[in-house]
Amino acid sequence: MGYSGDFVLLRSDSSLSDLRIFDDPEWCVEDRAEHFHECRPRPGGWQTFQVHDCLPENDDDRWLSRLVTVTGSPVMIASVVDSDVCYVRGLTPSGVAWSTFLDPVMAADYAVSVPPPSQDEAPPGETDRDRRVRWLLADVPGTAERIALWAAESGFSADREALRGVLSRRADPFAEDLFFELIDACGLPPAEPGTDDPAASDTPAHPGHRPEPNCPRGARLEAAVLNLPRGGHLVLQCAAEPGCHAQVRLRPNGVYQLEYRDRSPAEHCRTQTLSVDKVIAALADWAAGEIARRDAFHWDSIGA
């Protein structure tokens, strides 16, 4: 089972949970802190928030209008279902609006409602699922143009070819990863570097330490850990040393089992924690080539 909930992208000097529109007496501060997770910000005040379950009232069209009004900024909201399919909506202060499903094939498997093109000729023997896929793909060029207008009002020049690619692609493996690729294709600057960015600081780990290119980092690493199902695991592999890796497994009892191996079997250690924030920090630390994680836990050696 994957992640189900919302992601919100907006430009604001305030945290999403601090905006006055969330001053709902039925939504207490404790619940608010528990439901929001702030991903790493991008320059210019652009922030992405992960909302567990969904936004209050589960009415994203209304929330788009509310958030655009209160921030004066273009807004995106992405609704993810089980990490399989992602429905994204965008709105700007001038009224540019668009919506799309990411991973059209999986969206068709979910039997989403898709309006047909103005002119449509169905191939002989086409199934309902294949028809939905075809209609979703037919809408990609027009949707990419509307998203480019959203980006232009945000002050960015979108890569239209990259937009069309994201809108057509299958998720591999999480649909929410496509949402972050969509943001990148809009031309927004990369997330600001932190301690988990190898370029942000010198790395005291072994020479040449660097994660493999497909290892998630930043907001994607956070999402990958937060999305782990019970019994699921995530492995980060070093590109320079095959014997160097870090991994986490979410045990059936809800405890995170964290491991790292630093080249030799003697440097293979394991620990456990209930804190997802500590897990994310430890894996980000490993990705950056830092070794502070070794002092943050009591580690048990499991190597030879």
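Enquirer: Describe the packing of aromatic side chains, with residues and values.
Expert: By the definition in use, this model includes 8 aromatic pairs. Between the aromatic rings of F7 and F179, the centroid separation amounts to 5.9 Å while the plane-to-plane angle is 35°, which identifies the pairing as tilted. Here F7, found in strand β1 (residues 5-11), pairs with F179, found in helix α7 (residues 175-185); they are 172 residues apart in sequence, far enough to count as distant. On the basis of relative accessibility, which here comes to 0%, the residue F179 falls in the buried class. Put simply, the rings of F7, F179 and F180 pair up and form one aromatic cluster. Positioned over the ring face of W63 is R66, at 4.5 Å from the centre of the ring.

Enquirer: Could you give me a rundown of helix α8 (residues 218-226), with the residues and numbers involved?
Expert: The element α8 is extensively covered by neighbouring structure, given that 7 of its 9 residues are classed as buried. Those residues of α8 lying buried are G218, A219, L221, E222, A223, A224 and V225.

Enquirer: How would you sum up the pairing of strand β4 (residues 75-81)? Please name residues and give values.
Expert: In regular strands, side chains alternate between the two faces of the sheet. Burial of β4 is extensive: 6 of the 7 residues sit out of reach of the surface. For β1 and β4, the ladder comprises 5 bridges, and the chain directions are antiparallel. Bridging from a neighbouring strand, G5 pairs with V80 of β4. Between β4 and strand β5 (residues 85-91), which pair antiparallel one after the other, the connecting turn spans 3 residues, and D82 there sits at a positive phi close to 55°.

Enquirer: Any details on the environment of R40? Residues and values, ideally.
Expert: Secondary-structure assignment places R40 in the loop between β2 (36-38) and β3 (46-52). When its relative accessible area of 18% is taken as the criterion, R40 is described as buried. Measuring from C-alpha to C-alpha, the distance between R40 and A191 comes to 5.9 Å, with 151 residues separating the pair along the chain.

Enquirer: Provide a residue-level description of the packing of α8 against helix α9 (residues 276-287), including the pertinent values.
Expert: Remark: α8 packs on α9, axes separated minimally by 10 Å, with the N-to-C direction vectors making an angle of 135°. Viewed along their axes, α8 and α9 adopt a mutual orientation that is oblique. Crossing angle aside, the handedness with which α8 passes α9 is right-handed. Facing α8, whose interface residues are L221, E222, V225 and L226, α9 presents V276, V279, I280, L283 and A284. When the residues that make up the contact of α8 with α9 are grouped by side-chain class, the tally is 8 nonpolar, no polar and 1 charged.

Enquirer: Describe in detail the side chain of R42, supporting the description with residues and values.
Expert: Relative to the elements of secondary structure, R42 occurs in the loop between β2 and β3. Within the local environment of R42, its side chain forms a polar contact with the side chain of D184, the two groups lying 3.0 Å apart. At 3.0 Å, the side chain of R42 forms a polar contact with the backbone oxygen of P189.

Enquirer: Break down the environment of S157 for me, with residues and values.
Expert: By the secondary structure assignment, S157 is in the loop between α5 (140-154) and α6 (160-168). The exposure class of S157 is exposed, given its relative accessible area of 67%. Between the C-alpha atoms of S157 and L188, which are 31 residues apart in sequence, the distance is 8.4 Å. Ignoring sequence-local partners within four residues, the contact set of S157 consists of C186 and G187.

Analysis parameters
Residues numbered from 1 in each chain as written. Predicted model: local features only at pLDDT ≥ 70, side-chain atom pairs only at ≥ 80, totals over all residues. Heavy atoms only, no water. Phe/Tyr/Trp six-rings, centres within 6.5 Å; stacked < 30°, edge-to-face > 60°. Helix = DSSP H or I, 4+ residues; strand = E, 2+ residues; numbered from the N terminus. Buried < 20%, exposed > 50% of the residue type's maximum accessible area, 1.4 Å probe, protein only. Lys NZ or Arg CZ within 6 Å of the ring centre and 35° of its normal. Pairing = 2+ DSSP bridges. Axes fitted to C-alpha atoms, helices over the stretch in contact; angles between N-to-C directions. Parallel < 35°, antiparallel > 145°, perpendicular 65-115°, else oblique. Left-handed = near helix turned anticlockwise from the far one by under 90°. Contact = heavy atoms within 4.5 Å. Nonpolar A, V, L, I, M, F, W, Y, C, P; charged D, E, K, R; others polar. Polar contact = N/O pair within 3.5 Å; in protein donor to acceptor, adjacent residues only side chain to side chain.

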